[in-house]
Amino acid sequence: MNSESRTEVRKTRILVLLVIVTNVLGNVSLSRGMHQVGRIVSASPLDYLKAFANPWTLLGILVLIAWILLDLALLSRADLSFVLPVTASAYVLVALGGHFLLHDHISWERWAGILLITGGVILAEETPARTTQGPPERRL
């Protein structure tokens, strides 16, 4: 593997890591904020806008905006069939964050599903990130 391909692989791995971290942090923060806000079952958008007053909810939304931008960047350089399975490790980390930080109860069936996802992530990680030829990278 030449140095240019190693650099591309490194950039892709960094993007994968950033996508996973922002997904986990954003969802855990959003969940914490919404637990503090309480249940919202309303047709009024005003009730949902009030949730923005909670700092955890707002933090979660901002981090998830960063997540979607990073996900766009990752999808521009890697195939969807690589990105989704590899970033699925975020599901495992969200479950662990929910359990240890938010004190969510996780059943044995859900733990079994988490183990299956982990196995799929390991398998997907072993495949090349891009099997199709994409357009050259553009910088705005």
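Residues numbered from 1 in each chain as written. Predicted model: local features only at pLDDT ≥ 70, side-chain atom pairs only at ≥ 80, totals over all residues. Heavy atoms only, no water.

## Observations regarding the overall build of the protein chain
Selection rule: Helix and strand assignments follow DSSP, with helices taken as H or I runs no shorter than four residues and strands as E runs no shorter than two, numbered in order from the N terminus. Burial classes: relative accessible area under 20% of the type maximum marks a residue as buried, over 50% as exposed, and values in between as partly exposed (1.4 Å probe, protein chains only).
Of the regular secondary structure elements, the protein chain holds 6 helices and 0 strands. Secondary structure of the protein chain in N-to-C order comes out as α-α-α-α-α-α. Along the three orthogonal principal directions, the C-alpha set of the protein chain runs to about 55 × 40 × 25 Å. The buried share among the 140 residues of the protein chain stands at 27%.

## Notes on the packing of helix 3 (residues 55-77) against helix 4 (residues 80-87)
Here is the rule: For helices, the fitted line uses only the C-alpha atoms of the stretch in contact; every axis is such a line through C-alpha atoms, and the angle between N-to-C directions lies from 0 to 180 degrees. When describing relative orientation, an angle under 35 degrees is termed roughly parallel and one over 145 degrees roughly antiparallel, while 65 to 115 degrees is termed roughly perpendicular and anything else oblique. Note on convention: the crossing is left-handed when the near helix lies turned anticlockwise from the far helix by less than a right angle, right-handed when the turn is clockwise. Residue contacts follow a heavy-atom distance rule, with two residues in contact if any of their heavy atoms lie within 4.5 Å.
Where helix 3 contacts helix 4, the two axes come as close as 8 Å, and the packing angle between them is 135°. With respect to their mutual orientation, helix 3 and helix 4 come out oblique. By crossing handedness, the relation of helix 3 to helix 4 is classed as right-handed. Contacts between helix 3 and helix 4 involve Asp-71, Leu-74 and Leu-75 from the first element and Leu-80, Val-83 and Thr-87 from the second.

## Overview of helix 6 (residues 108-125)
Quick reminder of the rule: To estimate how far a helix should extend, the number of its residues minus one is multiplied by 1.5 Å.
Here helix 6 contains 18 residues, and its C-alpha end-to-end distance of 26 Å stays within 8% of the 26 Å for a straight helix at 1.5 Å per residue. Summarising the contacts, the buried residues of helix 6 are in contact with helix 4 and helix 5 (89-101).

## Side note on unusual backbone geometry
For His-103, which is not glycine, the phi dihedral falls at a positive 60°. Mapping His-103 onto the fold places it in the loop between helix 5 and helix 6.

## A look at the packing of helix 1 (residues 3-37) against helix 4
In a pair of packed helices, the angle between the axes and the distance between the axes together describe the arrangement. The following threshold applies: Three classes are used: nonpolar for Ala, Val, Leu, Ile, Met, Phe, Trp, Tyr, Cys and Pro, charged for Asp, Glu, Lys and Arg, and polar for all others, with Gly counted as polar.
Following both chains from N to C, one finds helix 1 and helix 4 inclined at 50°, their axes separated by 10 Å at the closest point. The orientation of helix 1 relative to helix 4 falls into the category oblique. For helix 1 against helix 4, the interelement crossing comes out right-handed. Side by side, helix 1 and helix 4 meet where Thr-12, Val-16, Val-19 and Ile-20 of the first sit next to Phe-82, Val-86 and Thr-87 of the second. Looking at the contact of helix 1 with helix 4, its residues break down into 5 nonpolar, 2 polar and no charged.

## Side note on the confidence of the model for the protein chain
Convention followed: The pLDDT value tells you how sure the predictor is about a given residue, anywhere from 0 up to 100.
Overall, the predicted model of the protein chain reaches an average pLDDT of 87, with 92% of residues at or above 70. The element-level mean pLDDT for the protein chain is lowest in helix 2 (residues 45-50), coming to 84, with helix 3 highest at 96.

## Observations regarding the side chain of Thr-12
Put simply, the rule reads: N or O atoms closer than or at 3.5 Å make up a polar contact, with two conditions inside protein: a donor-capable atom paired with an acceptor-capable one, and, for residues adjacent in sequence, both atoms drawn from side chains.
Topologically, Thr-12 is positioned in helix 1. At a separation of 3.2 Å, a polar atom in the side chain of Thr-12 contacts the side chain of Arg-77. Excluding anything up to four places from it in sequence, Thr-12 contacts Leu-74, Arg-77, Ala-78, Phe-82 and Ala-129.

## Looking at the nonpolar core
Operational definition: The term nonpolar core refers to a set of buried residues drawn from Ala, Val, Leu, Ile, Met, Phe, Trp, Tyr and Cys, joined through side-chain atoms within 4.5 Å.
One finds Val-16, Leu-74 and Phe-82 to be the most contacted residues of the largest nonpolar core, which totals 13 residues. Ranked by the residues each element gives to this core, the list is headed by helix 1, at 6 residues. What Val-16 contacts, discounting residues up to four positions off in sequence, is Leu-74, Phe-82 and Val-86.

## Topic: a nonpolar patch on the surface
Our working rule: To count toward a patch, a residue needs a relative accessible area above 30% and no salt bridge. Like charges then connect within 9 Å, nonpolar side chains (Val, Leu, Ile, Met, Phe, Trp, Tyr) within 5 Å. We get accessible surface area from the Shrake-Rupley algorithm with a probe of 1.4 Å; when it comes to residues, only the shown protein chains can shield them. A side-chain nitrogen of Lys or Arg and a carboxyl oxygen of Asp or Glu constitute a salt bridge if their distance falls within 4 Å.
A cluster of nonpolar side chains, namely Leu-46, Leu-49, Phe-52, Leu-58, Leu-62, Ile-65, Ile-68, Leu-69 and Leu-72, defines an oily patch on the protein surface of about 860 Å² accessible area. Contributing elements (two or more residues each) for the nonpolar patch: helix 2 and helix 3. At 6 residues, the largest contribution of residues to the nonpolar patch is made by helix 3. Take Leu-49: it is sitting in helix 2.

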